[in-house]
Amino acid sequence: MRRTRLVGTVVLTLALGLMGQAAQAISWGTVYLKNGSTNLGSGYGSAYKAVVNGGDALKVTSTQKDLKANGNPIYTKANWYFNGTYCYPSGEGSVGCGSGWYGAGSTSSPTTVDYGSVWVAKALSGTADSARAGIMICEKQPWYDPDDCTWETFRGISY
């Protein structure tokens, strides 16, 4: 009886320890926001599963830099998507399913007119098993003009 309890405790402790390990980050290389041939801003970072506000989330970190002193600050934006078909067989990656994604809003980081590290996150959906972020570097424009952004760079996870 005592030995069975000890083995059960060791297995439970090992399982909890493995669940608490940080996920491997999937990096996204430097992207440049351009106006013609002029670089306005840049950013690079990673995406990974993390605990945010007590729950599991897809977290995107970004190191963003304003490259043009024009009074328009730079920020990182992530469009969030979910899918129910285990799109990342290895658990995480940069290429997933080509269809079946549904949008779940977007989140923008604070802006900077210099250089800074920021993050945004989205809680994982209980009705899906894959999540991805469409990551963009954007430049804030006056209220009457839409913000300029790069194309989406996708990174995601299956959970």
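About the cut-offs
Residues numbered from 1 in each chain as written. Predicted model: local features only at pLDDT ≥ 70, side-chain atom pairs only at ≥ 80, totals over all residues. Heavy atoms only, no water. Disulfide = S-S within 2.5 Å. Helix = DSSP H or I, 4+ residues; strand = E, 2+ residues; numbered from the N terminus. Buried < 20%, exposed > 50% of the residue type's maximum accessible area, 1.4 Å probe, protein only. Salt bridge = Lys/Arg side-chain N within 4 Å of Asp/Glu carboxyl O.

## Considering the state of the cysteines
And then number 1: Tallied over the full model, the rule gives two disulfides.
And then number 2: The side chain of Cys 87 participates in a disulfide bridge whose partner is Cys 97; the two sulfur atoms lie 2.1 Å from each other. Taking the torsion about the S-S bond as the criterion, the Cys 87 to Cys 97 disulfide, at about -105°, is left-handed. Here the residue Cys 87 occupies a position in the loop between β4 (74-83) and β5 (92-93), and Cys 97 occupies one in the loop between β5 and β6 (102-108), the gap between them amounting to ten residues. The burial state of Cys 87 is the same as that of Cys 97; both residues are buried.
And then number 3: Covalently, Cys 138 is tied to Cys 149 through a disulfide, its sulfur atoms 2.1 Å apart.

## What about the pattern of salt bridges?
And then number 1: Applying the stated criterion across every chain, the model contains one salt bridge.
And then number 2: Its salt-bridge partner being Asp 56, residue Lys 49 comes within 3.8 Å of it at the nearest N-O pair.
And then number 3: Of the residues examined, Lys 49 reaches a relative accessible area of 30% and is grouped as partly exposed.
And then number 4: Asp 56 gets classed as partly exposed once you look at its relative accessible area, which sits at 41%.

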